[in-house]
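Observations on chain architecture
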Amino acid sequence: MTRPAPITSLQNSHVKRLVRLRTRREREQEGVILIEGAREIARAAASGVPLTTLFTCPELFSPEAAQVAPTLTSLPELELSRAAFEKVSGRENPDGLLALAATPRAALPEPGANAVTVVLHGLEKPGNVGAILRTADAAGADAVIVLGRGADPFGPNVIRASQGSVFTLPVAVMDEQDAQDWLAARAFTTVACTPDAPRTYWDVPLTGRVALLLGTEHEGLPAHWRDTDHSVSIPMNAARGADSLNVATAAALVLFECARQRRAAVNA
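To keep things clear, this report deals only with the structure shown in the data block. Everything quoted here is computed from the prediction, not taken from an experiment. (Residues numbered from 1 in each chain as written. Predicted model: local features only at pLDDT ≥ 70, side-chain atom pairs only at ≥ 80, totals over all residues. Heavy atoms only, no water.)

1. Some points on the nonpolar core
Short version of the rule: Nonpolar cores are built from buried Ala, Val, Leu, Ile, Met, Phe, Trp, Tyr and Cys residues. Side-chain atoms within 4.5 Å join them into one set. Burial status follows relative accessibility: with a 1.4 Å probe on protein chains alone, a residue under 20% of its type maximum counts as buried, one over 50% as exposed, and anything between as partly exposed. Helical segments are the DSSP runs of H or I of at least four residues, strand segments are the runs of E of at least two, and each set is numbered from the N terminus. Should any heavy atoms of two residues lie within 4.5 Å, those residues are considered in contact.
In this structure, Ile35, Leu51, Val118, Leu120, Val144, Phe167 and Leu212 are the most contacted members of the largest nonpolar core, which totals 53 residues. Here the element with the most residues in this core is helix α10 (residues 247–267); it accounts for seven residues. Apart from the residues within four sequence positions on either side, Leu120 is in contact with Val129, Ile132, Val144, Ile145, Val146, Leu147 and Leu214. Among the nonpolar cores identified, the runner-up in size contains 17 residues, and Ala179, Leu213, Leu221 and Trp225 belong to it.

2. Some details on the layout of surface pockets
Quick note on the threshold: A pocket, in this scheme, is an open set of points on a 1 Å grid over the protein atoms alone with protein on both sides within 12 Å along at least 5 of 7 lines, while a cavity is a set where a 1.4 Å probe fits but cannot get out; residues line either one if an atom lies within 4 Å of a point. Grid points are joined across faces, edges and corners, and a volume is the space filled by probe spheres set on the points. Basically, the charged four are Asp, Glu, Lys and Arg, the nonpolar ten are Ala, Val, Leu, Ile, Met, Phe, Trp, Tyr, Cys and Pro, and anything else, Gly included, counts as polar.
The computed volume of the largest pocket comes to approximately 390 Å³. Among the secondary structure elements, those contributing two or more residues to the lining of the largest pocket are β11 (230–233) and α10. The calculated volume of the second largest pocket comes to roughly 320 Å³. What lines the second largest pocket is a set of 18 residues, and nearest its centre among them are Thr103, Pro104, Arg105, Phe154 and Val173. Of the residues in the lining of the second largest pocket, the class split is nine nonpolar, three polar and six charged.

3. Let's talk about the side chain of Arg186
Stated precisely, the cut-off is as follows: Pairs of N or O atoms within 3.5 Å make up the polar contacts considered here, provided that, within protein, one atom can donate a hydrogen while the other can accept it, and that residues adjacent in sequence are counted only when both atoms are side-chain atoms.
Position of Arg186 relative to the elements: it lies in the loop between α8 (176–185) and β8 (189–193). In terms of polar contacts, Arg186 uses its side chain to reach the backbone carbonyl oxygen of Trp182, at 3.2 Å. Beyond its immediate stretch of four places on either side in the chain, Arg186 contacts Glu110, Pro111 and Arg209.

4. A short note on the sheet that holds strand β3 (residues 77–79)
Note the cut-off: Any two strands with at least two DSSP-identified bridges between them are counted as paired. All axes here are fitted lines through C-alpha atoms, helices being fitted over the stretch that makes contact, and every angle between N-to-C directions spans 0 to 180 degrees.
The mixed open sheet is built from four strands, whose spatial order is β1-β4-β2-β3. Each edge of the open sheet carries a strand with a single partner, namely β1 (32–36) and β3. Geometrically, the sheet is characterised by an average inter-axis angle of 20° between neighbouring strands, direction not taken into account. Pairing of strand β2 (residues 51–56) with strand β4 (residues 97–102) involves five bridges; the strand directions are antiparallel. Counterpart to Thr53 in the pairing with β4 is Leu100. Lying over the sheet, helix α1 (residues 13–20) contacts β1, β2, β3 and β4, oriented at roughly 70° with respect to β4.

5. Considerations on the state of the cysteines
Let me state the cut-off plainly: Note that a disulfide, as used here, is simply two cysteine sulfur atoms within 2.5 Å.
Evaluated as defined, the whole model comprises zero disulfides. The structure places no disulfide on Cys258, whose sulfur is separated from the nearest cysteine sulfur, that of Cys193, by 8.3 Å. Looking at Cys258, the relative accessible area reads 2%, which means it is buried.

6. A look at empty space enclosed by the protein
In the structure shown here, the tally under the stated rule is one cavity of 30 Å³ or more. Arg22, Glu36, Gly90, Arg91, Pro156, Asn157 and Arg160 are the residues that line the largest cavity. With three residues, the top contributor of residues to the lining of the largest cavity is helix α7 (residues 156–162). Split by residue class, the lining of the largest cavity holds one nonpolar, two polar and four charged.

7. Details of a nonpolar patch on the surface
Applicable threshold: Residues enter patches when their relative accessible area tops 30% and they take part in no salt bridge; the joining distance is 9 Å for like charges and 5 Å for the nonpolar side chains Val, Leu, Ile, Met, Phe, Trp and Tyr. To be clear on the numbers: accessible area is Shrake-Rupley with a 1.4 Å probe, and residue cover counts the displayed protein chains and nothing else. Salt bridges are counted wherever a side-chain nitrogen of Lys or Arg sits within 4 Å of a carboxyl oxygen of Asp or Glu.
Taken together, Met236, Leu245 and Leu253 make up a surface patch of nonpolar side chains, about 200 Å² in accessible area. Positionally, Leu245 belongs in the loop between β11 and α10. Given a relative accessible area of 32%, Leu245 falls into the partly exposed group.

8. Observations concerning the pattern of salt bridges
Counted under the stated rule, the structure contains 12 salt bridges. Its salt-bridge partner being Glu64, residue Arg39 comes within 3.5 Å of it at the nearest N-O pair. Separated by 25 residues along the polypeptide, Arg39 in helix α3 (residues 38–46) and Glu64 in helix α4 (residues 63–68) bring together distant segments of the chain. Given a relative accessible area of 32%, Glu64 falls into the partly exposed group. In this structure, Arg82 engages Glu59 in a salt bridge whose closest nitrogen and oxygen atoms are separated by 3.3 Å. Placement of Arg82 in helix α5 (residues 82–88) and of Glu59 in the loop between β2 and α4 is noted, with a sequence separation of 23 residues between them. Given a relative accessible area of 38%, Arg82 falls into the partly exposed group. Connected via shared salt-bridge partners are Arg24, Glu28 and Arg149.

This is the structure:
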């Protein structure tokens, strides 16, 4: 069978659609997500995300993309010229692979006795949300709840920052009341991470079912999310003027303290 010629026109309907899908409103209207990058696409496929179309530009393939592309031959494929692919890409140095998929509808799993759930309130920077997802995956968290209309957890920039971890652990978007009801019904110990808390994060028990609550760097958690079982802070070297950490860094410290305490409990 003769392979179709690559799409070269920047006015092609597929190219114009992919450009539109870089906006959240367009993705939500169509019920699709845009996944760019070999690693991210491979993790989505391995996690059972329903990929629908693959767009390729062999001229731009990285070594990883050249390995991943042959594993996706069951997908309808459209080849783009370099100029067309760079038009639709959101990356400075694209690797020549981009896929569309139906928006995942992750259901939160029923938590085990030692489940860790991360709750993100109001985070708007995709890089922070993606980094937290990646860290939560690495630290063995069981789920992430994104509250309200912060950064789209399935937006291209979050997917990229998470290195595809958004597909390997359950991620649910919920309104605040539903999230509070879900945590309360399952007897989670809630831990608010806030700079003005009197106790440091390593002095609080973080075993059992734990929900770590994180807010924005500028405003932090609202008052109704600080009324929790524990509030914890990260000590700062105030003598040099440091008074806060990037929220993704703060999340990493507390998540790995959770992991450390669990390991210590098992080995005790």
